[in-house]
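# Inside the fold
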Amino acid sequence: MLLSDQAGQAAAAKIPRPATLRESVIEAIQELIVSGQLKPGQHLVESELAELLGVSRQPVREALQQLSGEGWVDLHPGQGAFVHVPTLEEADQLLAVRTLLETESARLAAKHAGEDGVKRLRTLCARGIAAVESDDIDSAVATNSELHALVTALSGNAVLAELASQVARRVRWYHTPVARQRGMASWDEHTALIDAIEAGDERRAAKIMREHTEHTRASYMEQRENEPVEPAPKPVRRRRPRTPYAG
């Protein structure tokens, strides 16, 4: 077979492109925000982020520009970059969409999961319960995300899975502050959900997931409404250069 023929056959199986430095920096900053290491409203200093990530300031500057366009960072002229503070409206809207997507995911998972899928869900649930019992909130949040992603994967609907993945990281950002507050109740709900999926009860699985996601949504909204209002950063006044006295 000619090399050109082989190349034509291999066209559909492209070699994965390695992530650029800017993409890696974007990913790292997003993770710092989602995990709560960078707080909403926190000032992002390019030199500090560059030192933390072990890169120069240029890819950090480029990353902040892109993250600003994606709603993770706010850029204020004369002040710099700040972690975005989600409004109550945008958080409510995203969590409402999450409820719709994951309710349907749960219903379909009850139809398609199978014995192996249920076993994997129970393994994740046990890991999450152990994390809560040891007060390991970071692990609990990460495992929670894995469990919800697996439910969506088990739905068998690739379009649904793609849509859910688009909001998953932001959902984790909103879930992190209330994970301790939700505590074991969240994992009791997960257990009930898995029971419904194992039983093949589509209606019950959908109902449990809808109520589960609404509990998280309500917890987040309640916490935000009770937060003290932080004053907006004051603009930096630039001093004009003095004009030499000519009198």
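One can find the structure itself at the top, above this paragraph.
I will try to describe carefully the structure that is included in this document. Note that the structure is a prediction, hence the values are computed from the model and not measured.

### Quick look at the packing of aromatic side chains
The final tally for this structure, using the stated rule, is 3 aromatic pairs. Between Y174 and Y220, the aromatic rings sit 5.0 Å apart at their centres with planes inclined by 35°, giving tilted as the arrangement. With Y174 in helix α8 (residues 158-175) and Y220 in helix α10 (residues 202-225), this residue pair connects regions lying 46 residues apart in the sequence. Given the relative accessible area of 2%, Y174 is considered buried. By relative accessible area, Y220 is classed as buried at 5%. Of the aromatic side chains, those joined through ring pairs into one cluster are W72, W173, Y174 and Y220.

### With respect to unusual backbone geometry
Although it is not a glycine, D135 adopts a positive phi angle of roughly 60°. With respect to the helices and strands, the residue D135 is situated in the loop between α6 (114-133) and α7 (137-154).

### As for helix α2 (residues 21-34)
For α2, built from 14 residues, the straight-helix expectation of 20 Å at 1.5 Å per residue is met to within 8% by its first-to-last C-alpha distance of 20 Å. Considered for burial, the residues of α2 that qualify are V25, I26, I29, Q30, L32, I33 and V34. Where α2 is buried, its residues touch α3 (46-53), α4 (57-69), β2 (73-76), β3 (80-83) and α8. Of the residues trailing α2, G36 is marked for its positive phi of about 90°.

### Here's the deal with the sheet that holds β3
Read from one edge of the open sheet, 3 strands run β1-β3-β2, paired in antiparallel fashion. Where the open sheet ends on each side, the last strands, each with one partner, are β1 (43-44) and β2.

### Topic: the pairing of β3
In this sheet, β3 lies alongside β1 in antiparallel orientation, the contact comprising 2 bridges. Its bridge partner lying in β3, H43 is registered against F82. Of the pairings in the sheet, the one linking β2 to β3 comprises 4 bridges and is antiparallel in character. When the sheet's bridge partners are listed, V73 is paired in β3 with V83. Count of turn residues in the β2/β3 antiparallel hairpin: 3 residues, of which G78 carries a positive phi of about 80°.

### Thoughts on the packing of helix α5 (residues 88-112) against helix α9 (residues 179-199)
Look at α5 against α9: their axes get within 6 Å of each other, and the N-to-C directions meet at 45°. Between α5 and α9, the angle is such that the two are oblique. Within the contact between the two elements, α5 uses A106, A109 and A110 and α9 uses L193, A196 and I197. Partitioning the contact of α5 with α9 into residue classes produces 6 nonpolar, no polar and no charged.

### Re the nonpolar core
Core analysis: the largest hydrophobic core is formed by 31 residues, its most contacted members being I29, I33, L38, L44, L64 and V73. Listing elements by their share of this core, those giving two or more residues are α2, α3, α4, β3, α5, α8 and α10. With 6 residues, the single largest contributor to this core is α2. With sequence-adjacent residues up to four places away left out, L44 is seen in contact with L38, L49, L64, V73, A81, F82 and V83. Ranked by size, the runner-up nonpolar core spans 20 residues in total, among them A110, A113, V118 and L121.

### Some details on the side chain of S219
Turning to its location among the elements, S219 is positioned in helix α10. Those residues in contact with S219 that lie beyond four places of it in its chain are V178, Q181 and R182.

### A word on the environment of K207
Of note, K207 is situated in helix α10. We classify K207 as partly exposed; its relative accessible area is 41%. A C-alpha to C-alpha distance of 9.7 Å links K207 and E104, two positions 103 residues apart in sequence.

### Quick word on the pattern of salt bridges
Evaluation of the coordinates by the stated rule reveals 18 salt bridges. A salt bridge links R122 to D195; the nearest nitrogen and oxygen atoms lie 2.7 Å apart. Of the two residues, R122 sits in helix α6 while D195 sits in helix α9, which places them 73 residues apart along the sequence. Taking relative accessible area as the criterion, R122 reaches 31% and is therefore assigned partly exposed. Relative accessible area serves as the criterion here: at 32%, D195 is assigned to the partly exposed category. D201 is the partner of R204 in a salt bridge, and the nearest nitrogen-oxygen pair spans 3.5 Å. For R204, a relative accessible area of 36% corresponds to the partly exposed category. Each of E27, E31, R169 and R172 takes part in salt bridges that share partners, so that together they form one network.

Reading guide: rules and limits
Residues numbered from 1 in each chain as written. Predicted model: local features only at pLDDT ≥ 70, side-chain atom pairs only at ≥ 80, totals over all residues. Heavy atoms only, no water. Phe/Tyr/Trp six-rings, centres within 6.5 Å; stacked < 30°, edge-to-face > 60°. Helix = DSSP H or I, 4+ residues; strand = E, 2+ residues; numbered from the N terminus. Buried < 20%, exposed > 50% of the residue type's maximum accessible area, 1.4 Å probe, protein only. Expected span 1.5 Å × (residues − 1). Contact = heavy atoms within 4.5 Å. Pairing = 2+ DSSP bridges. Axes fitted to C-alpha atoms, helices over the stretch in contact; angles between N-to-C directions. Parallel < 35°, antiparallel > 145°, perpendicular 65-115°, else oblique. Nonpolar A, V, L, I, M, F, W, Y, C, P; charged D, E, K, R; others polar. Core = buried A, V, L, I, M, F, W, Y, C linked by side-chain atoms within 4.5 Å. Salt bridge = Lys/Arg side-chain N within 4 Å of Asp/Glu carboxyl O.

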